[in-house]
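Coordinates in review
Each chain is listed here by its residues.
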Amino acid sequence: MEQFERKVTKIGNSFGITLPIELLKQVGLSHGDDVQVEVKDGQIVLRKKEKVVLPEGVDAEFMNILNDIINEHDKAFKGLVNR
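In short, a report on the structure. These numbers come from a predicted model, not from an experiment.

Before going further, it helps to spend a moment on the packing of aromatic side chains. The relative placement of two aromatic rings is captured by the distance of their centres and the angle of their planes. Tallied over the entire structure, the rule returns 0 aromatic pairs. Above the ring of phenylalanine 15, the side-chain terminus of lysine 10 is found at 5.1 Å from the ring centroid.

Here we come to a nonpolar patch on the surface. Nonpolar side chains collect at one region of the surface, where Val8, Phe15, Ile17, Leu19, Val35, Val37, Val39, Ile44 and Leu46 lie side by side and expose about 910 Å² of accessible area between them. Mapped onto the nonpolar patch, the elements with two or more residues apiece are β3 (35–40) and β4 (43–48). The biggest single contributor to the nonpolar patch is β3, with 3 residues. Position of leucine 46 relative to the elements: it lies in strand β4. Accessibility expressed as a relative area gives 45% for leucine 46, which makes it partly exposed.

Before going further, it helps to spend a moment on a negative patch on the surface. There is a patch of like negative charges on the surface, built from Asp59, Glu61, Asp68 and Glu72. Along the chain, the position of glutamate 61 falls in helix α2 (residues 60–72). Among the residues examined, glutamate 61 registers a relative accessible area of 47% and is labelled partly exposed.

Each value, and the rule that gives it
Residues numbered from 1 in each chain as written. Predicted model: local features only at pLDDT ≥ 70, side-chain atom pairs only at ≥ 80, totals over all residues. Heavy atoms only, no water. Phe/Tyr/Trp six-rings, centres within 6.5 Å; stacked < 30°, edge-to-face > 60°. Lys NZ or Arg CZ within 6 Å of the ring centre and 35° of its normal. Patch = residues over 30% accessible without salt bridge, like charges linked within 9 Å, V, L, I, M, F, W, Y side chains within 5 Å. Areas by Shrake-Rupley, 256 points an atom, 1.4 Å probe, with all protein chains shown as cover. Salt bridge = Lys/Arg side-chain N within 4 Å of Asp/Glu carboxyl O. Helix = DSSP H or I, 4+ residues; strand = E, 2+ residues; numbered from the N terminus. Buried < 20%, exposed > 50% of the residue type's maximum accessible area, 1.4 Å probe, protein only. Lys, Arg positive; Asp, Glu negative; His and termini not counted. Charge placed at Lys NZ, Arg CZ, Asp CG, Glu CD.

By themselves, these observations are geometric and do not establish any function.
The structure is reproduced here in structure tokens:
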């Protein structure tokens, strides 16, 4: 596994890192792509966000609201699994 060292830099009011083009090519990312950021076992995990094509008649705004509700109540939903 290749390793790259980068510095955290200030970008406006946030912080960020740059990624080498070779690394982006390896994982199929390019400028403007969306990524998902997750903290798992104390490590930052980046994934290319998969594009979801909604079926005809399904409103994207409704799906965004539904996703927000699911994220907000994730712990409660997971607790219902074992009931």
